[in-house]
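Structural description and commentary
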Amino acid sequence: METLSQHLERFSEVLAVSRTAHVSRWDPATVRRALQWARYLRHVHKRFGHHVRIRTALERRLQHQWKQVGGLGPASVPGLTDFRALERCDLLLSQRLLENPALGDAALHSLLQELFPGPGAPDADEETLQGRLALLARRRSAVHLLRFSGDGESSVIQTQAELLLERVQEVGRADAEGAGRLLSSLWERLPRDNFLQVLAAALLLPAPSPPPPKEALELGRPETPGEGSGELVSWLLRKSDLMATFCRHLPPGLLTSVAGRHPDLFQAYLGLLTSWGRRLRYDIQKGFWVGADAQDVPWEELYGRFQSLGQAPSPLKDEVRSALESWKAQDGGFDVPGLSIWTDLLSALGSAA
């Protein structure tokens, strides 16, 4: 127990130093040892997480250390706020090192090799819980590195989309229902606006090229970006409320691109536009279409979404035009403004063209 407590105290010191200029003296071997230390403590969390007595004793040692360094609490030792922090201590260390401009080139190169070993790199731990957590650390650090390097929010969203598809594929291989549960869990836990953007980006990832026949037979062939998007489509279509949120909150141009890639989503999107349009009523006094309540899609938004679809390449724009003409005919085919919203949409879209 005493040895374990000492390991914990030493690593908390390493974690604190990782934010300072002292890392300029770290060489590749120091980086590797620090990460190995972090992974060892993550193993400690896995082994003793349910042992209340040991967990309490270790947390007391941490609190004692905070008092020794003259701090007021957990902020004095960034990252190791409690025993649960051991589960992600390698991620905490990696993020602090990536943020620190004082880290030398050789040490940074070693860190990146640890985080991004590349395809085919041996990983005996890959199928264990520790291996999956290490993979999660590499993924989150990849997104963090993009933010740190200033590549912009679009690069971050793109990387998150690739990582999302990769995780969906992994879970789906282990359990046919796992992908849906994962997506539902992420939807409940993550910021909604960001998650919707990531979903759309994932649905727009390029489809993989057909592999050569010999490669196709390799059971261990890594999946490429674009594979697994069918799981995302199925999940969205199974949840009507979520599909409506997806279509309502994303901009028209982005949704048009997604609809052009996924016919099933296009049909669902078109069905929602139909439903939204039919809720509007023509206000004679105001001279335009209005909703029955504040939650209804306004005329301007409905028009903008149809306009975006109408500017898409064929056959998408042709299907939209055909649908509008069919709905106009169902309303009587009148060309008088204010009688059919589909007549007025066709007229407005024709004028804009």
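For clarity, every value in this text was computed on a predicted model and none was experimentally measured.

**Section: the overall build of the chain**
- If you tally the helices and strands in the chain, you get 17 helices and two strands.
- A separation of at least 24 residues holds for 68% of the contacts in the chain among residues at least 6 apart in sequence.
- Surface summary for the chain: the accessible area is close to 19,400 Å², and the carbon and sulfur share equals 53%.

**A few points about the nonpolar core**
- Counting 58 residues, the largest nonpolar core has Leu164, Leu236, Phe246, Leu302, Phe306, Leu324 and Leu345 as the members making the most contacts within it.
- Excluding residues within four positions of it along the chain, Phe306 makes contact with Leu270, Leu273, Val320, Leu324, Trp327, Trp342, Leu345 and Leu349.

**So, the packing of aromatic side chains**
- This model, assessed by the stated rule, comprises seven aromatic pairs.
- Seen from their ring centres, Trp187 and Phe195 are 6.1 Å apart, and the 45 degrees between their planes marks the pair as tilted. Like Trp187, the residue Phe195 is buried in the burial classification.
- Ring geometry for Phe306 versus Trp342: centroids 6.4 Å apart, planes at 75 degrees, classification edge-to-face. Of this pair, Phe306 sits in helix H15 (residues 299-310) while Trp342 sits in helix H17 (residues 341-352); the two residues are 36 residues apart in sequence, bridging distant segments of the chain. Like Trp342, Phe306 is buried.
- Aromatic ring contacts, followed pair by pair, group Trp187, Phe195 and Trp235 into a single cluster.
- Here Arg192 stacks its cationic end above the ring of Trp187, 4.1 Å away from the centre of that ring.

**Quick notes on the environment of Leu199**
- Relative to the helices and strands, Leu199 resides in helix H9 (residues 192-203).
- Once you skip the residues sitting within four places of it in the chain, Leu199 turns out to touch Leu164, Leu232, Trp235, Leu236 and Phe246.

**As for the side chain of Asn100**
- Here Asn100 shows up in the loop between helix H4 (89-99) and helix H5 (105-115).
- When its relative accessible area of 9% is taken as the criterion, Asn100 is described as buried.
- At 2.7 Å, the side chain of Asn100 forms a polar contact with the backbone oxygen of Thr20.
- A polar side-chain atom of Asn100 sits 3.0 Å from the main-chain amide nitrogen of Ala102.
- Asn100 has contacts with Ser18, Arg19, Thr20 and Val23, leaving out every residue within four places of it along the chain.

**Examining unusual backbone geometry**
- Cis geometry is found at the peptide bond from Ser314 to Pro315, where omega equals 5 degrees.
- Topologically, Pro315 is positioned in the loop between H15 and helix H16 (316-330).

**Focus: the confidence of the model for the chain**
- Looking at the chain as a whole, its pLDDT mean stands at 78, while 74% of the residues score no less than 70.
- Looking at the elements of the chain, mean pLDDT is at its lowest for helix H10 (residues 213-216), recorded as 42, and at its highest for helix H14 (residues 263-278), recorded as 97.
- Predicted confidence for residues 147-152 stays below pLDDT 50, and this span has five contacts to residues more than four positions away or in other chains.
- Confidence drops under a pLDDT of 50 for residues 209-226, and excluding neighbours within four residues, the segment shows 16 contacts in the predicted structure.

**Points about the pattern of salt bridges**
- Inspection of the entire model under this criterion finds nine salt bridges.
- Lys328 serves as the salt-bridge partner of Asp335, at 2.5 Å between the closest nitrogen and oxygen.
- Of the residues examined, Asp335 reaches a relative accessible area of 58% and is grouped as exposed.
- Take Lys328: its relative accessible area is 18%, and that puts it in the buried class.

**Focus on the packing of helix H8 (residues 178-189) against H9**
- Two elements in contact, H8 and H9, have axes whose closest approach is 8 Å; the angle formed by their N-to-C orientations is 145 degrees. Together, Leu183, Leu186, Trp187 and Glu188 of H8 and Arg192, Phe195 and Leu196 of H9 make up the contact between the two elements.
- Residue composition of the contact of H8 with H9, by class: five nonpolar, no polar and two charged.

**Section: a nonpolar patch on the surface**
- Residues Phe334, Val336 and Leu339 make up a contiguous nonpolar surface patch of about 300 Å² in total accessible area.
- Along the chain, Leu339 falls in the loop between H16 and H17.

What counts, and where the lines are drawn
Residues numbered from 1 in each chain as written. Predicted model: local features only at pLDDT ≥ 70, side-chain atom pairs only at ≥ 80, totals over all residues. Heavy atoms only, no water. Helix = DSSP H or I, 4+ residues; strand = E, 2+ residues; numbered from the N terminus. Contact = heavy atoms within 4.5 Å. Areas by Shrake-Rupley, 256 points an atom, 1.4 Å probe, with all protein chains shown as cover. Core = buried A, V, L, I, M, F, W, Y, C linked by side-chain atoms within 4.5 Å. Buried < 20%, exposed > 50% of the residue type's maximum accessible area, 1.4 Å probe, protein only. Phe/Tyr/Trp six-rings, centres within 6.5 Å; stacked < 30°, edge-to-face > 60°. Lys NZ or Arg CZ within 6 Å of the ring centre and 35° of its normal. Polar contact = N/O pair within 3.5 Å; in protein donor to acceptor, adjacent residues only side chain to side chain. pLDDT = per-residue confidence, 0-100. Salt bridge = Lys/Arg side-chain N within 4 Å of Asp/Glu carboxyl O. Axes fitted to C-alpha atoms, helices over the stretch in contact; angles between N-to-C directions. Nonpolar A, V, L, I, M, F, W, Y, C, P; charged D, E, K, R; others polar. Patch = residues over 30% accessible without salt bridge, like charges linked within 9 Å, V, L, I, M, F, W, Y side chains within 5 Å.

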